[in-house]
Number of protein chains: 2
Amino acid sequence: MKFTINQHVFSKALSDVGKAVTPKSLIPILSGIKVIAEEDGIRLIGTNADIIIERFIPISETNNNEINIDQTGSAVVSARSFIELIRKLPEPIQVEVNNHQTIKVKSGDIFTQFNGFRAEEYPTLPMINQSNTIHIDAEDLIEAIKQTVFATAKNETRPVLTGIYFSLSGYKFTAVATDSQRLASKVKDVYTLGDASFIVPSSSVSELVKQISDYSGTVEIHSADGYILFKTDQVSLYSRLISGNYPNTSKLIPTEQKTTLFLNKESLVKGVDRACLFAGEWKNNNITLSIQEHKLCISSGSSEMGTIQELQEIKDLDGEAELKISIDGYFLMDALKTIKDEEIKIKFNGTMRPIVIESIHEKSSYLHLISPVRS
Amino acid sequence: MKFTINQHVFSKALSDVGKAVTPKSLIPILSGIKVIAEEDGIRLIGTNADIIIERFIPISETNNNEINIDQTGSAVVSARSFIELIRKLPEPIQVEVNNHQTIKVKSGDIFTQFNGFRAEEYPTLPMINQSNTIHIDAEDLIEAIKQTVFATAKNETRPVLTGIYFSLSGYKFTAVATDSQRLASKVKDVYTLGDASFIVPSSSVSELVKQISDYSGTVEIHSADGYILFKTDQVSLYSRLISGNYPNTSKLIPTEQKTTLFLNKESLVKGVDRACLFAGEWKNNNITLSIQEHKLCISSGSSEMGTIQELQEIKDLDGEAELKISIDGYFLMDALKTIKDEEIKIKFNGTMRPIVIESIHEKSSYLHLISPVRS
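Definitions and limits used
- Residues numbered from 1 in each chain as written.
- Chains lettered and ligands numbered in written order.
- Predicted model: local features only at pLDDT ≥ 70, side-chain atom pairs only at ≥ 80, totals over all residues.
- Pairing = 2+ DSSP bridges.
- Helix = DSSP H or I, 4+ residues; strand = E, 2+ residues; numbered from the N terminus.
- Axes fitted to C-alpha atoms, helices over the stretch in contact; angles between N-to-C directions.
- Contact = placed C-beta atoms within 7 Å.
- Nonpolar A, V, L, I, M, F, W, Y, C, P; charged D, E, K, R; others polar.
- Parallel < 35°, antiparallel > 145°, perpendicular 65-115°, else oblique.
- Left-handed = near helix turned anticlockwise from the far one by under 90°.
- Domains from an automatic or database assignment.
- pLDDT = per-residue confidence, 0-100.
- Least-squares fit on C-alpha atoms with pLDDT ≥ 70 in both.

On to the sheet that holds strand β22 (residues 343-348) of chain B. All names here are of chain B. Taken together, the 7 strands give an open sheet; going across it, the order is β11-β12-β24-β23-β22-β16-β20, and neighbouring strands pair in antiparallel fashion. Taken across any chain shown, the strands that pair with only one partner, and hence form the sheet edges, are β11 (163-178) and β20 (316-319). In this sheet, adjacent strand axes meet at a mean angle of 20 degrees when their direction is disregarded. With 4 bridges joining them, β22 and strand β23 (residues 355-359) adopt antiparallel strand pairing. Bridge pairing links Lys 347 to Val 356 in β23. On top of the sheet, helix α3 (residues 138-146) reaches β11 and β12 (182-201); it is set at about 155 degrees to β12, its chief contact.

Written as structure tokens, this is what we have:
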């Protein structure tokens with residue numbers, strides 16, 4: 001293998017792929033990145049127990065990549081030190097591998113040699129049947145993930161709850177996450193008619209968001225037994241799936257409400273944020289929402305620190321004007337922060353029933369449900 | 001006590017003073033900030049075992065502070081939560097304290113109450129005799145600290161080495177730090193003729209640099225038995241001094257050299273940085289400098305990872321053209337990074353003797369000495 005490449009392009013791609021690599025893997029070769037020089041570009045692969053990231057840097061692409069392949073081939077080199085070195089080298093980079101797994105990197109008057117791994121021993125990529133393909137806009141997929149991933153369970157008591165539940169029904173693509181105290185869901189239109197569902201670990205989708213954040217085209221989703229592949233023309237991210245049955249969350253969502261408040265989202269976020277300062281001592285970050293003198297009262301307090309109480313405008317109110325409920329302030333903030341709307345509505349159904357946050361528009365594409373705290 | 005104040009001004013000053021406060025102090029009142037409303041402004045004090053920071057926000061100052069004192073007085077309030085709250089409140093802030101140590105903060109429709117400490121129990125500031133005063137430009141003091149503080153000892157085996165040794169002799173103000181493997185010194189002119197010396201903990205001077213970083217006037221240094229005060233018209237920072245005799249470092253500095261190299265500083269930093277990547281495995285971050293074909297060769301390597309070798313231009317050479325020395329690459333980087341000059345000179349005196357880095361100008365105001373590593 002022998003090639004030259006633009007330093008910036010190589011460094012960026014290595015760093016992206018390196019995100020999948022565990023530096024001190026128990027299996028030494030998995031702490032490496034596989035570099036493959038093909039006829040038409042450079043392919044990079046990194047993996048850990050949960051995901052595989054593959055990036056391809058094509059020769060053609062408007063020539064900005066400045067790639068020149070002298071000899072095809074492959075090598076596996078320790079991710080951390082290789083990424084660090086390439087980042088610190090001047091232009092351009094020349095890489096050469098001889099038969100003895102020694103990777104030579106040259107740049108100007110700088111000569112380095114890395115001891116590599118045996119490329120043949122690197123695991124092969126899973127075969128995924130490309131017939132069950134869902135096509136979705138990258139932006140829509142990113143939004144669906146960001147609006148739900150925070151609500152996945154952090155502990156492993158019920159493994160299915162540690163992932164996002166994606167489902168396709170008709171042309172509707174839904175993402176749902178719940179840790180059984182709160183639930184977040186988001187619906188998006190896709191180009192694909194179908195019927196499918198899968199649970200993807202929250203760490204995998206979080207990494208996916210980073211990998212495709214500057215990409216604006218379509219993402220192909222290929223699912224297989226135990227695996228899923230998210231694919232753009234730049235990057236392929238393979239993830240394991242979480243097996244098991246996801247709970248039927250639709251029946252958790254209340255169908256009626258006693259009170260609906262229409263509120264300015266930004267003011268509410270700031271008010272809840274301040275109230276949380278005084279709630280930190282409580283295990284459940286208890287803050288109280290109530291209606292006082294036709295205003296929303298946000299309050300919180302602890303015997304040690306002190307108290308806070310603030311009043312905010314209610315834009316509109318449907319139903320009963322009486323309300324008092326205690327909920328986890330951080331849960332409320334997590335949900336509100338993902339919403340881009342200026343105004344939102346919150347539905348209440350009594351002190352002991354979950355609250356529901358939705359868009360003010362008739363058909364809300366997102367829904368956040370938060371259970372109350374017994375105070 | 002009762003006053004109103006601009007939120008930004010109050011928040012910034014509280015946050016600066018809060019830098020001195022240990023959040024979970026064993027002595028509860030020391031986890032607080034003392035707020036004093038005086039006739040002509042607001043005074044804030046925070047402290048820990050090593051330093052005291054005092055800031056004064058005057059009423060007059062072009063009225064940007066928007067201070068209005070309704071009633072003088074003082075209170076001590078838990079630093080962390082108070083700083084956080086003030087940061088999150090809208091304009092303007094109104095503070096009021098009643099007799100029961102309850103601090104009431106009001107801003108618009110937001111009402112909070114903090115449980116305070118008994119202000120009378122807060123420690124008083126040390127009395128410092130203002131006769132022995134050194135006047136120095138803030139910029140010069142900051143530069144002297146930055147160019148030496150990294151070389152202070154990290155372990156406490158010899159306590160005096162954990163501080164910077166400042167000395168005034170004639171109109172010369174000198175800062176010296178050494179951990180016995182390396183030494184950094186910087187000389188500055190001051191407005192004061194005198195003869196004094198003191199050892200200030202590295203943590204105190206590091207905090208001082210942050211507190212006066214945007215200040216361009218003169219700093220007054222008042223020393224007393226066991227204490228030192230750095231004072232500008234905005235902030236007073238009191239620090240304990242380290243007692244003991246600082247070693248006579250002048251005799252460590254070689255008076256002759258076999259080889260002097262004149263080098264581009266930026267290229268050298270980059271080259272040493274790259275070589276360090278391959279030296280990490282060694283306890284001493286061993287890199288080797290040598291002369292090869294009239295160039296400086298920087299090399300490093302480990303049996304596990306691989307090797308690096310690069311050649312750099314020598315701008316000029318005095319003395320013997322033969323050289324090979326192993327030193328700690330990170331020590332070299334630490335020293336080089338503090339230097340602003342484009343070109344520097346390094347003096348060598350054989351494989352087992354320390355190297356000296358100086359300005360290329362006849363009279364160098366800085367000096368870095370690094371002992372070699374036995375390879």
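Resuming the write-up.
This part is about the interface of chain B and chain A. With 24 residues of chain B in contact, the opposing surface of chain A contributes 24 residues. Among the elements of the structure, α2 (79-87), β9 (110-115), α5 (265-277) and β19 (306-313) of chain B are those that each provide at least two residues to the side of chain B that touches chain A. Among the residues forming the side of chain B that touches chain A, the class breakdown is 8 nonpolar, 8 polar and 8 charged. In this sheet, β9 of chain B lies alongside strand β19 (residues 306-313) of chain A in antiparallel orientation, the contact comprising 5 bridges. The residue bridging Glu 310 of chain A from the neighbouring strand is Ile 110 of chain B, located in β9 of chain B.

Moving on, we come to the packing of α5 of chain B against helix α6 (residues 329-337) of chain B. Residues and elements named next belong to chain B. At their nearest, the axes of α5 and α6 sit 9 Å apart, and the two run at 150 degrees to each other. With respect to α6, the axis of α5 lies roughly antiparallel. For the pair α5 and α6, the sense of crossing is left-handed. Residues Lys 265, Leu 268, Val 269, Val 272, Asp 273, Ala 275 and Cys 276 of α5 pack against Gly 329, Tyr 330, Leu 332, Met 333, Leu 336 and Lys 337 of α6. When the residues that make up the contact of α5 with α6 are grouped by side-chain class, the tally is 9 nonpolar, 1 polar and 3 charged.

Let's shift gears to the domain arrangement of chain A. Residues and elements named next belong to chain A. When cut into domains, chain A gives domain 1 (2-121), domain 2 (134-249) and domain 3 (253-370). Here domain 1 and domain 2 have C-alpha centroids that lie 29 Å from each other. Contacts between the two partners involve 8 residues from domain 1 and, on the opposite side, 13 residues from domain 2. Top contributing element to the side of domain 1 that touches domain 2 by residue count: strand β4 (residues 51-58), with 5 residues. Its residues placed into classes, the side of domain 1 that touches domain 2 shows 3 nonpolar, no polar and 5 charged.

Here we come to the confidence of the model for chain A. Averaged over every residue, the pLDDT of chain A is 92; residues scoring 70 or more account for 98%. Model confidence for the complex: the whole-complex pTM is 0.89, and ipTM, which rates the interface, is 0.84.

This part is about the sheet that holds strand β14 (residues 227-231) of chain B. All names here are of chain B. A sheet is described by the order of its strands in space; here 8 strands give the open sequence β6-β2-β3-β4-β15-β14-β13-β10, paired in antiparallel fashion. The two strands at the open ends of the sheet, each matched to only one other strand, are β6 (73-78) and β10 (133-137). The average angle at which neighbouring strand axes cross in this sheet is 20 degrees, direction not considered. Note that strand β2 (residues 32-38) and strand β3 (residues 41-47) share 5 bridges and pair antiparallel. Counted as the bridge partner of Glu 38 is Gly 41 from β3. Contacting β10 and β13 (218-224), α3 crosses the sheet at an angle of about 90 degrees to β10. Sitting on the sheet, helix α4 (residues 202-211) is in contact with β4 (51-58), β14 and β15 (235-240), with an inclination near 175 degrees to β15.

In this section: unusual backbone geometry. Even without being a glycine, Glu 293 of chain B presents a positive backbone phi close to 50 degrees. Tracing the chain through its elements places Glu 293 of chain B in the loop between β17 (286-292) and β18 (295-302).

What follows concerns the relation of the copies chain B and chain A. Overlay of chain B on chain A (RMSD 0.0 Å): rotation 180 degrees, translation along the axis 0.0 Å. Here the symmetry operator amounts to a two-fold rotation axis. Among all residues of chain B, the minimum C-alpha distance to the rotation axis is found for Lys 210 of chain B, at 17 Å. When the interface residues of chain B are mapped onto chain A, 100% of them again fall at the interface, so both copies present the same face.

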